[in-house]
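One letter stands for each residue in the lines below.
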Amino acid sequence: MYSLIAITLLIVVVIMMAVKVVPQQNAYIAERLGKYNGILQPGINFIIPFFDRIAYKHSLKEQAYDIHEQICITRDNVQVRVDGVIFLQVVDPQKASYGINDYVFAVTQLAQTTMRSEIGKIDLDKTFVERMVINLAVVAAIDEAAIGWGVKVLRYEIKNISPPTTVLQAMEKQMQAEREKRSVILESEGKKQFAINVAQGERERVVLESEAQMQQQKNKAEGEANAIRAVAEATADSIRLVADSIQSKGGMQAVQLKVAENYIEQFGKLAKTTNTMILPSNLADVSSIIATAMNVIKQESTKQENTK
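Residues numbered from 1 in each chain as written. Predicted model: local features only at pLDDT ≥ 70, side-chain atom pairs only at ≥ 80, totals over all residues. Heavy atoms only, no water.

(A) Just the overall build of the chain, in detail. Check the secondary structure of the chain and you find eight helices and eight strands. Here the chain holds 308 residues, and 24% of them are scored as buried. Taking as baseline every contact in the chain between residues at least 6 positions apart, the subset at least 24 positions apart corresponds to 65%. Accessible area for the chain stands at about 21,700 Å²; split by element, carbon and sulfur atoms hold 59% of it. (Helix = DSSP H or I, 4+ residues; strand = E, 2+ residues; numbered from the N terminus. Buried < 20%, exposed > 50% of the residue type's maximum accessible area, 1.4 Å probe, protein only. Contact = heavy atoms within 4.5 Å. Areas by Shrake-Rupley, 256 points an atom, 1.4 Å probe, with all protein chains shown as cover.)

In structure tokens, the structure reads:
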């Protein structure tokens, strides 16, 4: 009975040793009698107990490792503390097992040395704006060296760049001075633009006023010309109507009557305005005065007819 139990347990142990279940995104390195035998893929795999063994286990997932903070010296001799994070992935489990003793330690050390070298090439002011350039340089340097290690450097990111306190204070003063400079420039630009706008507005106002005055004078002149033209046309029409009336029947009698009335009216006004008058000797002979005026009117009418 005891022998049967022992044999059963031995069989179970052998089966457990012979069957290896590999999780997804993992790779196991199998050795037979101390020599590389193959890579166990995800799923169920069988090995020979007591002859084969699992020497290395690798995760094929992307993994992130911290790069410890270190002191770097910039090109302008300023000490800064820099740390970062690197992302790796095993692409060849065999090389990752036999190409290097510890690829994680090797990659982190190479990342630190490369970072010190890249920081030493630039000034302090540029370390904050050229992070992407530094990251790409570190990735390129490590990726070239890690070809024989079976790993792929996917990316590297700088987490913090910490200058000394004195440098931070100096940078703060510089930033404050720069902000004040921009403020003064913006204020002066605003005043300049304000002065330009005022000058342009004044110029446009003067131009508009002059144009308005010119238009006003033009309109006034046109109005006066139209008024003079209208008066002249009205006068010409009245003269024409008077001439036509004189030529009609009874026109001369009407003119005689009008002349007599004007004559008497003007003498009446003269008597009202002054106490002393000089009268002609033939004042009582009104008919002779009217006849003289009518002769003048007839002569003018004859001249107008001859002209026509």
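(B) Structural detail: the packing of aromatic side chains. On inspection of all chains with the given rule, the structure shows two aromatic pairs. Ring geometry for Y56 against Y98: centres 5.5 Å apart, planes inclined by 85°, an arrangement best described as edge-to-face. Here Y98 lies in helix α2 (residues 93–98) and Y56 lies in strand β5 (residues 52–59), a separation of 42 residues in the sequence. On the basis of relative accessibility, which here comes to 33%, the residue Y56 falls in the partly exposed class. Overall, Y98 belongs to the partly exposed group, its relative accessible area being 37%. Through a chain of ring-to-ring contacts, three or more aromatic side chains come together here, namely Y36, Y56 and Y98. Against the face of F87 rests R155, its NZ or CZ located 4.4 Å from the ring centre. (Phe/Tyr/Trp six-rings, centres within 6.5 Å; stacked < 30°, edge-to-face > 60°. Lys NZ or Arg CZ within 6 Å of the ring centre and 35° of its normal.)

(C) Highlighting the environment of A141. You can see A141 is positioned in helix α5 (residues 131–145). With 26 residues separating them along the chain, A141 and M115 place their C-alpha atoms 9.9 Å apart. The contacts of A141, once residues within four sequence positions are left out, are L110 and T114.

(D) A look at the confidence of the model for the chain. For the chain, mean pLDDT is 80; residues scoring 70 or higher make up 78% of the total. At the low end of the mean pLDDT range in the chain sits helix α8 (residues 286–307), at 57; at the high end sits strand β2 (residues 26–32), at 91. (pLDDT = per-residue confidence, 0-100.)

(E) Seen up close, unusual backbone geometry. In this structure, Q25 takes a positive phi of about 60° despite not being glycine. With respect to the helices and strands, the residue Q25 is situated in the loop between β1 (19–22) and β2. The backbone phi angle of F50 is positive, close to 70°, even though this residue is not glycine. Within the secondary structure, F50 is located in the loop between β4 (43–46) and β5.

(F) Up close: the side chain of D83. Looking at the element boundaries, D83 is found in strand β7 (residues 79–90). The buried charged residue D83 lacks any salt bridge partner; its closest oppositely charged side chain belongs to K159, at an N-O distance of 4.5 Å. Within the local environment of D83, its side chain forms a polar contact with the backbone nitrogen of N160, the two atoms lying 2.9 Å apart. Aside from chain neighbours lying at most four places away, what touches D83 is I67, H68, E69, Y156, I158, K159 and N160. (Lys, Arg positive; Asp, Glu negative; His and termini not counted. Salt bridge = Lys/Arg side-chain N within 4 Å of Asp/Glu carboxyl O. Polar contact = N/O pair within 3.5 Å; in protein donor to acceptor, adjacent residues only side chain to side chain.)

(G) A look at the packing of helix α3 (residues 103–119) against α5. Running from N to C, α3 and α5 point in directions that differ by 135°, and their axes come no closer than 9 Å. As the angle between them shows, α3 and α5 are arranged oblique. Where α3 crosses over α5, the two elements pack in a sense that is right-handed. Of α5, the residues touching α3 (which contributes V107, L110, A111, T114, M115, E118 and I119) are I134, A137, V138, A141, I142 and A145. Across the contact of α3 with α5, the residue classes break down as 11 nonpolar, one polar and one charged. (Axes fitted to C-alpha atoms, helices over the stretch in contact; angles between N-to-C directions. Parallel < 35°, antiparallel > 145°, perpendicular 65-115°, else oblique. Left-handed = near helix turned anticlockwise from the far one by under 90°. Nonpolar A, V, L, I, M, F, W, Y, C, P; charged D, E, K, R; others polar.)

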